[in-house]
Amino acid sequence: MKIAVLPGDGIGTEIVAEAVKVLSALGLQLELEHALVGGAAYEAHGHPLPESTLTLAQSADAILFGAVGDWKYDALERSLRPEQAILGLRKHLGLFANFRPAICHEQLVGASSLKPELIAGLDILIIRELTGDIYFGQPRGRRVATDGHFPGSDEGFDTMRYSRPEIERIAHVAFQAAQKRSGRVTSVDKANVLETSQLWRDVMIDVARHYPDVALDHMYVDNAAMQLVRAPKKFDVVVTGNLFGDILSDEASMLTGSIGMLPSASLNANGQGLYEPSHGSAPDIAGKGIANPLATILSAAMMLRFSLNQAQAAERIEAAVKKVLTQGLRTPDIYSDGCTRVSTAQMGDAVVHAL
Ligand code: IPM
Ligand code: MG
């Protein structure tokens, strides 16, 4: 089983190192190959997604990804910015189905900014379409460079677009996920304003006919953002487009105590996947040893389950994470009174020990 390991920038290198520690402790035959991506790759090779990194990712059974981005690249033309690396990987590999489970571990109920009774027992699954929408529509504007030059302009625009097949395939993913859970899907759109969203809603209704055992309801994205903090446990599977999913999954992460807890899986039609924490590169805390590696460690568990057919190993990791939380070990983002503060590396070591 070949895994491409792409740590990236900021805290990416620290958290991925802990996930690698955990993977290596499982006693599986794993071949881990590291490569540069994002700002780190730009520094070394002049491009955030060098050909060699893309080739490695394409040839691997799965990709373990850290995070990309740093404010110091803000002035670069868009095609060279670190974010293009992850967007490029998603597009090149066709990773259209992004699973972002938001589970509140009972030990962390007190770490969330929401009242404990709102989030205790929370277990929702956000399914975000990942290769379409305004992220990949035609952009125009000040940041679009020709030959490295920024043409002056006082207008910027991006086009939001979805095609029926793109919506159909993510709808099938969502309905099938719901069949394995509570049998409910909430589709989030902005059909009261956007044509793209009206198509989204129409297609969701069409595909739902194939799944009579699943109940579908629809919610406008502004209302969904509100309901997520008002009564999050009313949701089960949430399916939405790329931009709304980006925003709602960050919001949902805080229901779990910290964005440092939220793993993700991005799959293509062949089951090949990229696994990454839902959080970013957090350059403000990089190198301090305080980042929470659990989202990445839990992403590695998702990788074992979805791409490497090692469900048992995945369960072992998840149980080990529960155990360290029960032991009271906390990185600063999830710290509360009476717990033990640990560093990034100590958290990784504790998970290995629990394994
Ligand atoms: C995410 C991130 C990315 C996104 C960025 C880094 C391009 O925020 O994975 O949620 O917007 O999709
Ligand atoms: Mg995001």
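Residues numbered from 1 in each chain as written. Chains lettered and ligands numbered in written order. Predicted model: local features only at pLDDT ≥ 70, side-chain atom pairs only at ≥ 80, totals over all residues. Heavy atoms only, no water.

Peer 1: Tell me about the site of ligand 1, and name the residues and values.
Peer 2: Taken together, Glu83, Arg90, Arg100, Arg128, Tyr135 and Asp246 make up the full set of residues near ligand 1. Taking arginine 128, its side chain carries an N or O atom lying 2.8 Å from an oxygen atom of ligand 1. Aspartate 246 places a side-chain nitrogen or oxygen 2.9 Å from an oxygen atom of ligand 1. Burial of ligand 1 by the surrounding chains reaches 77%, relative to a free accessible area of 320 Å². When its residues are assigned to classes, the shell around ligand 1 shows 1 nonpolar, no polar and 5 charged. Two domains each donate at least three residues to the shell around ligand 1, and these are domain 1 (1-103 + 263-355) and domain 2 (123-255). (Near = heavy atom within 4 Å. Polar contact = N/O pair within 3.5 Å; in protein donor to acceptor, adjacent residues only side chain to side chain. Areas by Shrake-Rupley, 256 points an atom, 1.4 Å probe, with all protein chains shown as cover. Nonpolar A, V, L, I, M, F, W, Y, C, P; charged D, E, K, R; others polar. Domains from an automatic or database assignment.)

Peer 1: I'd love a proper account of the environment of aspartate 284, names of residues and values included.
Peer 2: Mapped onto the fold, aspartate 284 is located in the loop between β12 (273-275) and α10 (294-306). The partly exposed category is assigned to aspartate 284, whose relative accessible area is 46%. Residues aspartate 284 and isoleucine 11, spaced 273 residues apart in sequence, show a C-alpha to C-alpha distance of 9.0 Å. (Helix = DSSP H or I, 4+ residues; strand = E, 2+ residues; numbered from the N terminus. Buried < 20%, exposed > 50% of the residue type's maximum accessible area, 1.4 Å probe, protein only.)

Peer 1: Give me the lowdown on the packing of helix α3 (residues 51-59) against helix α4 (residues 83-93), citing residues and values where you can.
Peer 2: Running from amino to carboxyl end, α3 crosses α4 at an angle of 45°, the nearest separation of the two axes being 11 Å. Here α4 runs oblique to α3, going by the angle between their axes. Considering only the axes of α3 and α4, their crossing is right-handed. Taking contact as the criterion, the partners of Leu54, Ala57 and Gln58 in α3 are, on α4, Leu89, His92 and Leu93. Here the residues of the contact of α3 with α4 sort into 4 nonpolar, 2 polar and no charged. (Axes fitted to C-alpha atoms, helices over the stretch in contact; angles between N-to-C directions. Parallel < 35°, antiparallel > 145°, perpendicular 65-115°, else oblique. Left-handed = near helix turned anticlockwise from the far one by under 90°. Contact = heavy atoms within 4.5 Å.)

Peer 1: So what's going on with the side chain of glutamate 276? Which residues, and what values?
Peer 2: By secondary structure assignment, the location of glutamate 276 is in the loop between β12 and α10. Only 3.0 Å separates the side chain of glutamate 276 from the side chain of arginine 90, close enough to count as a polar contact. Setting aside residues no more than four positions away along its own chain, glutamate 276 makes contact with Phe65, Gly66, Ile86, Arg90, Arg100, Pro263, Ser264, Ser266 and Ser299.

Peer 1: Tell me what's going on with helix α11 (residues 311-326), and back it up with residues and numbers.
Peer 2: For α11, with 16 residues, the first-to-last C-alpha span of 23 Å sits near the 22 Å given by 1.5 Å per residue. The set of residues buried in α11 consists of Ala313, Ala314, Ile317, Ala320, Val321, Val324 and Leu325. Looking down the long axis of α11, one finds its buried residues gathered within 140° of arc, a one-sided arrangement. Pointing more than 90 degrees away from the buried face of α11 are the exposed residues Gln312 and Thr326. For α11, the secondary structure elements touched by its buried residues are α1 (12-24), α10, β13 (329-330) and α12 (344-354). One or two residues past the end of α11 sits glycine 328, with phi positive at roughly 90°. (Expected span 1.5 Å × (residues − 1). Arc of directions from axis to C-beta.)

Peer 1: I'd like to hear about the packing of aromatic side chains, residue by residue, with values.
Peer 2: By the definition in use, this model includes 4 aromatic pairs. Taking NZ or CZ as reference, arginine 169 lies 4.2 Å from the ring centre of phenylalanine 96, over its face. Note that arginine 341 overlies the ring of tyrosine 335, its terminal NZ or CZ placed 4.1 Å from the centroid. (Phe/Tyr/Trp six-rings, centres within 6.5 Å; stacked < 30°, edge-to-face > 60°. Lys NZ or Arg CZ within 6 Å of the ring centre and 35° of its normal.)

Peer 1: Tell me what's going on with the pairing of strand β5 (residues 123-129), and back it up with residues and numbers.
Peer 2: Within a regular strand, side chains alternate between the sheet's two faces. For β5, the tally of buried residues reaches 6 of 7 residues, placing the bulk of the element in the interior. Pairing between strand β4 (residues 97-103) and β5: 7 bridges, direction antiparallel. The residue of β5 that forms the bridge with phenylalanine 99 is isoleucine 127. In the sheet, β5 pairs with strand β10 (residues 237-240) via 4 bridges, with the strands oriented parallel. Of the residues in β10, the one forming a bridge with arginine 128 is threonine 240. (Pairing = 2+ DSSP bridges.)

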